[in-house]
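The chain contents come next:
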Amino acid sequence: MARGERRQNLARLGEIAQVAARHGFGYAFGRKEEPGALEGEPAARTRGRRLREMLDELGPTFVKFGQLLSTRPDIVPPDILVELRGLQDDARPEPFDRVRAVVEAELGMRMEQVFLEFDERPIAAASIGQVHRARLPGGQEVVVKVQRPDAERRLAADVQLLHQAARVARERIRRLQFIDLVGAVDELARTVRRELDYNIEARNAEVFRRNFAGDETVLVPRVFWRYTSGRVLTMERVEGTPLSQVDLGAWSADERRTLANRLCETWMQMVFVHGFFHADPHPANVLVRGPDRLSLVDFGMSEQLSPRDREAAVRLLMDILNQDAERLPRRLRALGVRYPRQMEEELAERLGVILQRYSASAIGEIDAREVLREIFGTIYRLDITLPARWVMLDKTLATLAGVALEIYPGFNVFEVARPYAMRMAAQRFRPDRIADRVRIDAGRYAEAMLDYPFQLSELLDEFKDGDIEIRIRPEGWSDAVEKAQASANRLALAVIGSALLISSALISVFAQSADLAGLALIGVPSALLGFAIVGWLCAGIFRSGRW
């Protein structure tokens, strides 16, 4: 690292420390909070708000870090989670001449050769890139997402600084141990690397477009691959008003309910039917074309679920709706959630308490966000780690439930999800599905049977060559070994003590020297040592309680 770059990093770390101190987190860098930072409120009660404000002040990369933390209910407490979900990734637009330079360098042509029109004013700007309206030579209206020229370098530098700050915080402060900061920064680095490659987002968009082909209620823009690269993404301009800008007050109650239902139906199709879902159902990413028609944009955050994942999710959802708490730990284990076996009973009891509170409620009265928040809060408190895809699904469903409630108060995601779950559960017993499972399982069994002779031959060769060691460790073996060693040590000391006493007695009988109370002086040391050993052994046996 060059001296100038090192000096810049130190200056930036100093700035981070000052901002942290201003928001009450100065102890992470060996500084005290500024007077009045907490406004007389308990620090624990305001930590979420102060953390959000601190990240917002530090800039786009730190905002993105906060957004990432908001998708991790398994490592972030609920009170902080709520605050971090309010972070918005807004940034100052890049000058147009720099945008032009990126487009021409990536596409290998002058901008006038690629586009008939290109609006210099962006319609959106974030930390990595910004979006412009444009028109292709054939007259097709498009939107062009252009990466900032220094995005990769700047984000890499900020992530490096976040690593340093996270290590300092981990070493110096216990009050911030509610978050695995170093692990979260590692995850941010992986997320940033994916988002810096627009080809990944383009491929995601193609999958969604294929999944919703023929569905008039959901429109996904087409990708123009000829004008797309790792830093430039050109897509069809779809009609619609961003949900965040729709004046819902002018809509009737029926229209608002229809819109909320369409939004939830769309995501239920992604999760339960397609197995590939848009992981950021933010109002800015949903364009409204009518109460029952939507357009989707921004496909950078997506997640894949296998058929086995979907079946496990359906079973979990049905157990929640049927309030069967005893099965929930096994369902979570089937989802890939790992926890010690001895914790299963405690987990079932805690989840049972949660479901019991909703036992008298109809499904339409259950707050989906609250149920999910309590379940994941319980998992967090028990220090159970969730696979990344389920963390993303939880965040997606929680965001979806919140947006649906804003559209139509009283709307419930569970009402929409239940029919999908029931249909998918019923489909497992269709004759063709059963036949497929039998065929797949039969193939696996046949493959395993064919492999057994070769595996057995390899095992015998390893036995013959002496490459295999067999270790038997029965339950309680280590304790038994320790007790046997202690007994052997006591026996050895007893023999030594007895030998010393006997030798001192023999010396006293045959020695011709001065005596002490009838015992020759030469035999006194060995006698005292023997008595000390015997006394120590007796005390140890008395303390152990085993006679």
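Everything numeric here is computed off the predicted structure, so don't read it as measured data.

(A) Highlighting the overall build of the protein. Scanning the protein from terminus to terminus reveals 19 helices and 13 strands. The contacts in the protein between residues at least 6 apart in sequence include a share of 66% that link residues at least 24 apart. In the form shown here, the protein has an accessible surface area of approximately 30300 Å², with 53% of it arising from carbon and sulfur atoms.

(B) Highlighting the nonpolar core. Of all hydrophobic cores here, the largest spans 77 residues; its most connected members are Leu263, Met268, Phe272, Phe277, Leu332 and Ile407. Take this core: its biggest share by element is nine residues, from helix α10 (residues 253-274). Setting aside chain neighbours within four positions, we find Phe272 in contact with Arg310, Val314, Leu317, Ala417, Tyr420 and Met424. One finds Leu55, Leu58, Phe65 and Leu84 within the second-largest nonpolar core, a separate group that totals 22 residues.

(C) Inspection of the sheet that holds strand β7 (residues 241-242) at higher detail. The four strands are arranged β5-β10-β9-β7 in an open sheet whose pairing can be described as mixed. The open sheet has two edge strands with one neighbour each: β5 (218-219) and β7. Pairing geometry for β7 and strand β9 (residues 286-290), over two bridges, is antiparallel. Bridging from a neighbouring strand, Thr241 pairs with Val288 of β9. Contacting β5, β9 and β10 (293-296), α10 runs over the sheet at an angle of about 50° to β10.

(D) Structural context of the pattern of salt bridges. Using the criterion set out here, one finds 17 salt bridges in the structure. Close ionic contact of Arg98 with Glu94 constitutes a salt bridge, the shortest N to O distance being 2.7 Å. Residue Glu94 is classed as buried on the basis of its relative accessible area of 12%. Taking the shortest distance from any N to any O, the salt bridge between Glu236 and Arg209 comes out at 3.8 Å. Highlighted residues: Glu236 in strand β6 (residues 232-236) and Arg209 in helix α9 (residues 198-211), separated in sequence by 27 residues. Look at Arg209 and you get partly exposed, because its relative accessible area is 33%. Each of Arg100, Glu104, Arg110 and Glu112 takes part in a single network of salt bridges with overlapping partners.

(E) Looking closely at the packing of aromatic side chains. What the rule picks out here adds up to five aromatic pairs. Among the aromatic residues, those joined into a ring-pair cluster are Phe96, Phe115, Phe118 and Tyr227.

(F) Up close: unusual backbone geometry. Non-glycine residue Asp298 carries a positive phi angle of around 60°. By the element assignment, Asp298 lies in the loop between β10 and β11 (302-304).

(G) Structural detail: the pairing of β10. Looking at chain direction, β5 and β10 are connected through two bridges and run parallel. Within β10, the position partnered with Val218 by the bridge is Leu294. In the sheet, β9 pairs with β10 via four bridges, with the strands oriented antiparallel. Residue pairing across strands places Leu287 opposite Ser295, the latter belonging to β10. In sequence, β9 turns back onto β10 through a hairpin of two residues.

(H) A look at the pairing of strand β3 (residues 129-135). In terms of burial, β3 is largely enclosed, as five of its seven residues are buried. Both strand β1 (residues 117-118) and β3 contribute to a ladder of two bridges, which runs antiparallel. Across the sheet, residue Glu117 finds its bridge partner in β3, namely Arg135. Sheet topology note: the strand β2 (residues 124-125)/β3 ladder contains two bridges and is antiparallel. Across the sheet, Ala124 pairs through a bridge with Val131, a residue of β3.

(I) Spotlight on the environment of Val146. Within the secondary structure, Val146 sits in strand β4 (residues 141-147). Sequence spacing of Val146 and Ser229 is 83 residues, and the spatial spacing of their C-alpha atoms is 9.8 Å. Leave out the neighbours within four places in its chain, and Val146 touches Val99, Val102, Val103, Ile128, Gly129, Gln130, Tyr198 and Arg231.

(J) Examining the packing of α10 against helix α11 (residues 307-321) more closely. Two elements in contact, α10 and α11, have axes separated by 9 Å at closest approach and are oriented at 120°. In terms of orientation, α10 lies oblique with respect to α11. On the side of α10, the interface is formed by Val271, Phe272, Val273 and His274, while α11 contributes Arg310, Val314 and Leu317. A per-class count over the contact of α10 with α11 returns five nonpolar, one polar and one charged.

(K) The arrangement of helix α13 (residues 344-356) in detail. In this model α13 runs 18 Å from its N-terminal to its C-terminal C-alpha over 13 residues, within 8% of the 18 Å that 1.5 Å per residue would give. Of all the residues in α13, the buried ones are Glu344, Leu347, Ala348, Leu351, Gly352, Ile354 and Leu355. When α13 is viewed along its axis, its buried side chains cluster within an angular range of 160° and face the same direction. Of the exposed residues in α13, those oriented more than 90 degrees away from the buried face are Glu345 and Gln356.

(L) Geometry of a nonpolar patch on the surface. The grouping of Leu456, Leu459 and Leu460 at the surface amounts to a nonpolar patch, some 280 Å² of accessible area in total. Examined against the element boundaries, Leu456 turns out to sit in helix α17 (residues 431-465).

(M) Geometry of the side chain of Ser229. In this structure, Ser229 sits in the loop between β5 and β6. Classification of Ser229 as buried rests on a relative accessible area of 11%. Here the side chain of Ser229 touches Glu106 through a polar contact of 2.7 Å, side chain to side chain. With residues up to four places along the chain from it excluded, the contact list for Ser229 reads Glu106, Tyr198 and Asn199.

(N) Expanded view of helix α3 (residues 60-69). With respect to burial, α3 is a largely interior element, eight of its 10 residues being buried. Residues of α3 that are buried: Thr61, Phe62, Val63, Lys64, Phe65, Gly66, Leu68 and Leu69.

Calculation rules
Residues numbered from 1 in each chain as written. Predicted model: local features only at pLDDT ≥ 70, side-chain atom pairs only at ≥ 80, totals over all residues. Heavy atoms only, no water. Helix = DSSP H or I, 4+ residues; strand = E, 2+ residues; numbered from the N terminus. Contact = heavy atoms within 4.5 Å. Areas by Shrake-Rupley, 256 points an atom, 1.4 Å probe, with all protein chains shown as cover. Core = buried A, V, L, I, M, F, W, Y, C linked by side-chain atoms within 4.5 Å. Buried < 20%, exposed > 50% of the residue type's maximum accessible area, 1.4 Å probe, protein only. Pairing = 2+ DSSP bridges. Axes fitted to C-alpha atoms, helices over the stretch in contact; angles between N-to-C directions. Salt bridge = Lys/Arg side-chain N within 4 Å of Asp/Glu carboxyl O. Phe/Tyr/Trp six-rings, centres within 6.5 Å; stacked < 30°, edge-to-face > 60°. Parallel < 35°, antiparallel > 145°, perpendicular 65-115°, else oblique. Nonpolar A, V, L, I, M, F, W, Y, C, P; charged D, E, K, R; others polar. Expected span 1.5 Å × (residues − 1). Arc of directions from axis to C-beta. Patch = residues over 30% accessible without salt bridge, like charges linked within 9 Å, V, L, I, M, F, W, Y side chains within 5 Å. Polar contact = N/O pair within 3.5 Å; in protein donor to acceptor, adjacent residues only side chain to side chain.

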